[in-house]
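# Geometric and topological summary
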Amino acid sequence: DAGITQSPRHKVTETGTPVTLRCHQTENHRYMYWYRQDPGHGLRLIHYSYGVKDTDKGEVSDGYSVSRSKTEDFLLTLESATSSQTSVYFCAIAGADNQPQHFGDGTRLSIL
Amino acid sequence: AQKVTQAQTEISVVEKEDVTLDCVYETRDTTYYLFWYKQPPSGELVFLIRRNSFDEQNEISGRYSWNFQKSTSSFNFTITASQVVDSAVYFCASLTDSWGKLQFGAGTQVVVTP
């Protein structure tokens, strides 16, 4: 299995609070991605990174920010969580931009 | 813009039946990649296959087979002699840009009953 760890695995929080999800990889892969999964939508890209300190927006980036200060860590932050951000969040990594992405086990986030 | 359509929301079969999952993609690019992923009830996403736009050769891997047809923009997936362990959500995805951004379909839930 690809060495990807997401933390926390589950989180319940209240509207308006900040939340940070962490993705840690041991594969030294250049590319990292954050997706959210919602019923009827499949997975949608939030943000991605193509190197340390190199990040860009995906399809559904509003309300989210990311940081990548080390190759192995990619953080996703909800500055002020809203109920619409209740979802399952997946991190993925890839060694090259056209290679299969391998996913972490997901974080189930509930915002009340 | 890319778009991936999986028109089948759910397919229910009895064990040992064959099941085919449809995937239609839209792209104006000449170079692109197509993927299938499996998400079992435990929730993890498992990579199954990748095809590039220059290789229309169909592939068989055990009970799985894939039919890629550029003429109809389809990349269909067949499970032969289905088993209960095949019960999962299957996602088709496409990739066209240089940053590896995947566009996923909505997924097809496959339910295999004994």
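Anything mentioned here points back to the structure above.
Residues numbered from 1 in each chain as written. Chains lettered and ligands numbered in written order. Predicted model: local features only at pLDDT ≥ 70, side-chain atom pairs only at ≥ 80, totals over all residues. Heavy atoms only, no water.

### As for the pattern of salt bridges
Residue and element names in this part refer to chain A. Under the definition given, this model contains seven salt bridges over all chains. One salt bridge in this structure joins Asp 73 and Arg 22, with 3.1 Å as the shortest N-O distance. Of this pair, Asp 73 sits in strand β8 (residues 73-78) while Arg 22 is found in strand β3 (residues 19-25), placing the two residues 51 residues apart along the sequence. A salt bridge links Asp 38 to Arg 36, with the shortest nitrogen-to-oxygen separation between them at 2.8 Å. The class for Arg 36 is buried, based on a relative accessible area of 9%. (Salt bridge = Lys/Arg side-chain N within 4 Å of Asp/Glu carboxyl O. Helix = DSSP H or I, 4+ residues; strand = E, 2+ residues; numbered from the N terminus. Buried < 20%, exposed > 50% of the residue type's maximum accessible area, 1.4 Å probe, protein only.)

### With respect to the sheet that holds β8 of chain A
All names here are of chain A. Within the open sheet, the four strands sit side by side as β1-β3-β8-β7. Their pairing is antiparallel. Of all the strands in the sheet, the pair left with one neighbour each is β1 (4-7) and β7 (64-70). The average undirected angle you get between the axes of adjacent strands in this sheet is 15°. In the sheet, β1 pairs with β3 via four bridges, with the strands oriented antiparallel. (Pairing = 2+ DSSP bridges. Axes fitted to C-alpha atoms, helices over the stretch in contact; angles between N-to-C directions.)

### Some thoughts on the interface of chain A and chain B
Residue-level contacts link 21 residues of chain A with 20 residues of chain B. Summed over both sides, the interface between chain A and chain B buries roughly 1,700 Å², with carbon and sulfur atoms accounting for 58% of that surface. For the pair chain A and chain B, the interface holds zero salt bridges. At the junction of chain A with chain B, the criterion picks out six residue pairs in polar contact (both at pLDDT 80 or more). Of all elements in the fold, only β4 (31-38), β5 (42-51) and β10 (102-103) of chain A reach the threshold of two or more residues within the side of chain A that touches chain B. Of the residues assigned to the side of chain A that touches chain B, the class counts are 10 nonpolar, eight polar and three charged. (Contact = heavy atoms within 4.5 Å. Buried area = accessible area lost by both parts, 1.4 Å probe. Polar contact = N/O pair within 3.5 Å; in protein donor to acceptor, adjacent residues only side chain to side chain. Nonpolar A, V, L, I, M, F, W, Y, C, P; charged D, E, K, R; others polar.)

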